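Structure assessment
Chain by chain, the residues run as shown.
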Amino acid sequence: MADGREPRLFSTRSLYQLCVSAVVDRFRTYKPCLTDLPKSVRFDLYYQLYRERRLCILGAELSDLETFSKMLKVTNRRLHLLRIFQAPMDHKIGIAGHLVHHYGRVCCSSPSSPDKLINLGLRLGGFLSDAGWYLESKKVLTTCKELCVKYNDTPKDWCRTLDCCHKLLHAQAAYCDFEKAAETHQIAMKMIEKLKSEQYNNSNHAALFAEFSVLFYIRSEYDEAYRWSIEALKQLKPSLPAGIIVDVLRQAAKSCVVKREFQKAGLLIKEAVYLAREVFDTDHPKYSDVLIDYGFFLLNFDSISNSVTIYKTALDIRKTIFGRTNLHVALAHEDLAYALYVHEYSSGRFDDASDHAGTAIDIMEKHLPANHLMLASARRIKALILEEIAIDNASTPLSEQNLLLKSECLHLSALEMSKTAFGERNVQTAKHYGNLGRLYQSMRKFQEAEAMHLKAIGIKEELLGPDDYEVGLSIGHLASLYNFHMNRYRDAEKLYHRSISISLKLFGKGYSGLEYDYRGLLHVYNKLDDYEKILEYTDILNHWKELRDKHAQSEEPPIDVQKRPQPIANVMNVFFSM
């Protein structure tokens, strides 16, 4: 050094780390003394076990309910706890199952301090849900709910029961346990009414109302989902935790997307992105959650390339936190697979989309029953991709036939799951009918294809109205069937015009999906020898191409890295003035 002194060999931190490593090296020897250490120090020891991949010892430690309850209280290490929890789980060390069993056993043994057990249940159940272990979260929170209902005498107790319902509903909806979720929803509504009757105003229901919206959204009851998301927005206050504000904003944005209110959706989801980035940073699960919903908005708003970028970022964050075999990661693979499928639809390059869809299915099949509804969407996406690959490989008939049969098997499986969960008259069921219609068209089963498309259109019109995007999509598919395979050109013409009308109304003249309808009409008018219409729609298609080129050149990056979130009151004022 310039002043001739020797550099310090160790900093305080490095000395501490050496001590941590030394204890970990002889962990079994020092284990009896660990109970006397501060929680934060014990956490560092467990994290060192994780870093050294001593997962059997780590799994045994974290499987102890008392130990894990203490680690849950080290709130500034939540990200690390998610990682060290997932690593043993990946190696078949069933920490979650042990914790669920121990919690249930303690709760059944006439607890002397129910308040303590309820608070533990809320923390443990919430963590398991955050970690992607929804079934285990449901079990803990169901037991916790039973305690809450048993000790439910004062307004403060009712609020605690509502908190439990909020967390339980999240796990049940995510796991597609709709029957139990409906029961939880009813309990929550009763608690809200009791608080109202007592004129108890010291509670906020923004998070709970957003969870109501999530439930109805997953069930494809979009009007109810939208209604509850608006109620959640009305409850927002600057004093609420940032995580709640982010969750309310992103769920309301999704509800706006399915109602095709894109201006409102864009306002909400971008504010959620900027708030999550500022409060939680870009390596946090909350940021990945909001990016997933932002990708959904971009995909539906016809900003497909940007949606792919956003989904890739969200997947990378989740893999860093949860590893490669967690349900959170599977869902991110699924979302990216569909975005890539849409993005590459015209190019025919589906390898990446197929890989991500396959990975999503593989992960889900490790954690879910064979016919679980969460698999339906991933199988549907895989089926769509296989169908397109088959069409591109039509020069090899045997390969094409095999791929189409695999696609049919996946579509039929997804349809049955949807009908079992939602019934016949549901948007998700209608989508599966529509997908089968397209597949049967590719398989040259034209009468079956027509029947499937008509079913899809009928259900969607009944539930969504005649001018919804989903209706337009199915109408366009039926038009294609009539046009290219059944020689029903006048019927196809009427359907194309109706599909175009819906697209123009919702998205404007530069919408990407218009290309297929315009090209379809050109084929119709060529077959009908209507040269005047051929010239008209050739000009319209050329004008559309110019608009798409301008759109591609003007499209900005999806995230402004300099942008900071606005005060939530300002956002609400703008939203409710739209």
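Structure first, text after, so check above.
Residues numbered from 1 in each chain as written. Predicted model: local features only at pLDDT ≥ 70, side-chain atom pairs only at ≥ 80, totals over all residues. Heavy atoms only, no water.

**Points about the packing of aromatic side chains**
Enumeration over the complete set of coordinates arrives at 24 aromatic pairs. Between Phe27 and Tyr46 the ring centres are 6.5 Å apart and the planes differ by 55°, which places this aromatic pair in the tilted class. Taken as a pair, Phe27 in helix α2 (residues 27-30) and Tyr46 in helix α3 (residues 39-51) lie far apart in primary sequence, 19 residues in all. Of the two residues, Phe27 and Tyr46, both sit in the buried class. On the numbers, 5.4 Å between centres and 35° between planes, the contact of Phe178 with Phe422 is tilted. Of the two residues, Phe178 is situated in helix α11 (residues 178-197) and Phe422 in helix α21 (residues 397-422); the sequence distance between them amounts to 244 residues. (Phe/Tyr/Trp six-rings, centres within 6.5 Å; stacked < 30°, edge-to-face > 60°. Helix = DSSP H or I, 4+ residues; strand = E, 2+ residues; numbered from the N terminus. Buried < 20%, exposed > 50% of the residue type's maximum accessible area, 1.4 Å probe, protein only.)

**As for the layout of surface pockets**
Of the volumes computed, that of the second largest pocket is approximately 550 Å³. In this structure, the second largest pocket is lined by 25 residues; those nearest its centre are Lys270, Leu298, Phe301, Ser303 and Glu555. At the level of elements, α15 (262-280), α16 (285-300) and α27 (531-554) are the ones that each hand at least two residues to the lining of the second largest pocket. Considered class by class, the residues forming the lining of the second largest pocket number 11 nonpolar, 5 polar and 9 charged. (1 Å grid on protein atoms, 1.4 Å probe; cavity = no way out; pocket = protein on both sides within 12 Å on 5 of 7 lines; lining within 4 Å. Points joined across faces, edges and corners; volume = space filled by probe spheres on them. Nonpolar A, V, L, I, M, F, W, Y, C, P; charged D, E, K, R; others polar.)

**Notes on helix α12 (residues 206-218)**
Because an α-helix completes one turn every 3.6 residues, residues spaced three or four positions apart along the sequence face the same direction. Taking 1.5 Å of rise per residue, the 13 residues of α12 would be expected to cover 18 Å, and the 19 Å separating its terminal C-alpha atoms lies within 8% of that figure. Burial analysis of α12 places 12 of its 13 residues in the buried class, the great majority of the element. Every buried residue of α12 is listed here: Ala206, Ala207, Leu208, Phe209, Ala210, Glu211, Phe212, Ser213, Val214, Leu215, Phe216 and Tyr217. Where α12 ends, the next residue or the one after it, Ser220, has phi of about 65°, a positive value. (Expected span 1.5 Å × (residues − 1).)

**Some points on the packing of helix α7 (residues 95-108) against helix α8 (residues 114-130)**
Put simply, α7 and α8 touch, their axes get as near as 12 Å, and they point 160° apart. The orientation of α7 relative to α8 falls into the category roughly antiparallel. Here α7 and α8 pass one another in a crossing that is left-handed. On the side of α7, the interface is formed by Ala96, Leu99, Val100, Tyr103, Val106 and Cys107, while α8 contributes Leu117, Ile118, Leu120, Gly121, Leu124 and Leu128. Its residues assigned to classes, the contact of α7 with α8 comprises 11 nonpolar, 1 polar and no charged. (Axes fitted to C-alpha atoms, helices over the stretch in contact; angles between N-to-C directions. Parallel < 35°, antiparallel > 145°, perpendicular 65-115°, else oblique. Left-handed = near helix turned anticlockwise from the far one by under 90°. Contact = heavy atoms within 4.5 Å.)

**Description of the pattern of salt bridges**
The tally for this structure, following the rule as stated, stands at 38 salt bridges. The salt bridge partner of Arg77 is Asp44, with a shortest N-O separation of 2.7 Å. With Arg77 in the loop between α5 (65-72) and α6 (78-90) and Asp44 in helix α3, this residue pair connects regions lying 33 residues apart in the sequence. By relative accessible area, which is 16% here, Arg77 ends up buried. Residue class for Asp44 comes out buried when judged on its relative accessible area of 15%. Of the charged contacts in the structure, one is a salt bridge between Glu515 and Arg519, with a shortest N-O distance of 3.0 Å. One end of the pair, Glu515, and the other, Arg519, are both in helix α26 (residues 514-527), 4 residues apart, so they sit about a helical turn from each other. (Salt bridge = Lys/Arg side-chain N within 4 Å of Asp/Glu carboxyl O.)

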